[in-house]
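Topology and contacts: notes
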Amino acid sequence: MNQSKPCIICVAITGSVPTKDNNPNIPVSIMEQIESTQEAFEAGASIVHCHVRDEGGRPTSDPDRFFQLKDGIRKYCPGMIIQFSTGGRSGSGKERGGMLHIGPEMASLSVGSNNFPSRVYENPPDLVDWLARQMLELDVRPEIEAFDLSHIHQAAAMFQEGLIRHVPYIQFVMGVKNAMPADRDVFEYYVKTVDRLLPGAEWCGAGIGRFQRVVNEWCVELGGHTRTGMEDNIRVSKEKLAVSNAELVEIATELCFQYGRPVASWQQAREILKIPLKT
Ligand code: MG
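We now turn to the structure provided with this report.

Definitions and limits used
Residues numbered from 1 in each chain as written. Predicted model: local features only at pLDDT ≥ 70, side-chain atom pairs only at ≥ 80, totals over all residues. Heavy atoms only, no water. Helix = DSSP H or I, 4+ residues; strand = E, 2+ residues; numbered from the N terminus. Buried < 20%, exposed > 50% of the residue type's maximum accessible area, 1.4 Å probe, protein only. Polar contact = N/O pair within 3.5 Å; in protein donor to acceptor, adjacent residues only side chain to side chain. Phe/Tyr/Trp six-rings, centres within 6.5 Å; stacked < 30°, edge-to-face > 60°. Salt bridge = Lys/Arg side-chain N within 4 Å of Asp/Glu carboxyl O. Axes fitted to C-alpha atoms, helices over the stretch in contact; angles between N-to-C directions. Parallel < 35°, antiparallel > 145°, perpendicular 65-115°, else oblique. Left-handed = near helix turned anticlockwise from the far one by under 90°. Contact = heavy atoms within 4.5 Å. Nonpolar A, V, L, I, M, F, W, Y, C, P; charged D, E, K, R; others polar. Pairing = 2+ DSSP bridges. Right-handed = clockwise from strand over helix to strand, strands pointing away.

1. Observations regarding unusual backbone geometry
- Backbone geometry places Asp139, a non-glycine residue, at a positive phi of 60°.
- Relative to the helices and strands, Asp139 is located in the loop between α3 (125-137) and β9 (141-146).
- Positive phi, close to 60°, is recorded for His166, a residue that is not glycine.
- Given the relative accessible area of 48%, His166 is considered partly exposed.

2. Quick notes on the side chain of Arg261
- If you trace the backbone, Arg261 turns up in the loop between α7 (245-258) and α8 (266-273).
- Only 3.4 Å separates the side chain of Arg261 from the backbone oxygen of Pro6, close enough to count as a polar contact.
- Engagement of the side chain of Arg261 in a polar contact is seen with the backbone oxygen of Val220, the distance being 3.0 Å.

3. Some details on the packing of aromatic side chains
- Tallied over the full model, the rule gives nine aromatic pairs.
- Taking the centre distance of 5.7 Å and the plane angle of 80° together, the rings of Phe187 and Trp203 count as edge-to-face. With a gap of 16 residues between them, Phe187 in helix α5 (residues 184-197) and Trp203 in strand β11 (residues 202-207) connect regions that are remote in the sequence.
- Judged by its relative accessible area of 0%, Phe187 is buried.
- Aromatic ring contacts, followed pair by pair, group Phe172, Phe187, Tyr190, Trp203 and Trp218 into a single cluster.

4. Details of helix α6 (residues 212-221)
- Taken together, the buried positions of α6 are Gln212, Val215, Asn216, Trp218, Cys219 and Val220.
- Of the residues trailing α6, Gly223 is marked for its positive phi of about 85°.

5. Focus on the pattern of salt bridges
- Scanning the model with the defined rule gives 14 salt bridges in all.
- The residue Glu188 makes a salt bridge to Arg184 at a minimum N-O spacing of 2.6 Å. You can see Glu188 and its partner Arg184 sitting in helix α5, four residues apart, about one turn around the helix.
- Overall, the relative accessible area of 36% leaves Glu188 in the partly exposed class.
- Assessed through its relative accessible area of 25%, Arg184 is described here as partly exposed.
- One connected set of salt bridges, linked through shared partners, spans Arg74, Glu105 and Arg270.

6. A look at the packing of helix α4 (residues 149-161) against α5
- Orientation of α4 relative to α5, taken along the N-to-C sense of each, is 15°, at an axis distance of 10 Å. The orientation of α4 relative to α5 falls into the category roughly parallel. Taken as a pair, α4 and α5 cross one another with a handedness that is right-handed. Counting all contacts with α4, which are made through Leu149, Ile152, His153 and Ala156, the residues of α5 involved are Tyr189, Tyr190, Thr193, Val194, Arg196 and Leu197.
- Taken together, the residues that form the contact of α4 with α5 break down as seven nonpolar, two polar and one charged.

7. A closer look at the sheet that holds β9
- With respect to topology, eight strands assemble into a closed barrel ordered β1-β2-β5-β6-β9-β10-β11-β12, the strand pairing being parallel. Taking each pair of neighbouring strands and ignoring which way they run, the sheet shows an average axis angle of 25°.
- With four bridges joining them, strand β2 (residues 47-50) and strand β5 (residues 81-84) adopt parallel strand pairing. Looking at β5, one finds that Cys50 is bridged to Phe84.
- Running at roughly 165° to strand β12 (residues 225-228), α6 makes contact with β10 (169-174), β11 and β12 of the sheet.

8. A short note on the pairing of β10
- Burial of β10 is extensive: six of the six residues sit out of reach of the surface.
- Where burial is concerned, the two faces of β10 agree: the one with Tyr169, Gln171 and Val173 and the one with Ile170, Phe172 and Met174 are both buried.
- Read as a crossover between parallel neighbours, the route from β9 over α4 to β10 is right-handed.
- Sheet topology places β10 next to β11; six bridges connect them, and they run parallel.

Below, the structure is given as structure tokens:
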């Protein structure tokens, strides 16, 4: 394992599910989101994963809001890699990619369907194909969300086809109820499969809810990158709600310290993922 490799920390600041009733510290307005991102950036995050909410706090795919958020992050977190979510909770069908023209440097891309806690997370092949082509055309780097082993195989097939270019970036998502649990053996097999099917690719992991910390640890230990933030988990312990996204980022940076991994600066993150700064 290459423990000298810098670990890229992504912070998923808001998401589309948790509300201020779940944790009043969740940033919901654009101003709160920008402030929270700045704190997380200063704590060591170099990628921000963004969803936006409307005035009522409900998830939306409103491009104006994405524009304002991107603008603020650009100003207060210079160099940070901005990733928009094209996940299914903020819109349906092509709405999910309706803000890609705003020019984030990255966007999440789910390449297959699976179950979520109370519904099917639908990612039909034609929509996946359309989103991937939009990203290619607009020079937005996809982060492939692997909720399942088949999604890693799908990413490899898309790379072969030229639908994904540059350095493929695969994120293993574990701990969503009714989808893949946080399972160490499976996690190791995911890593092995990425190395086999997509040599030269980079990978990261996101653990949902109480699995956030353990998945952070596996990522750091096994030489990958990792994601944290209040979209995935609103607590620092069973008893205590997180006060900020930065607090969760600090848990990940502490793990890097324990395992002797440097935390990637935004410059290092861009170098590793070959993502030039967009202006
Ligand atoms: Mg998301």
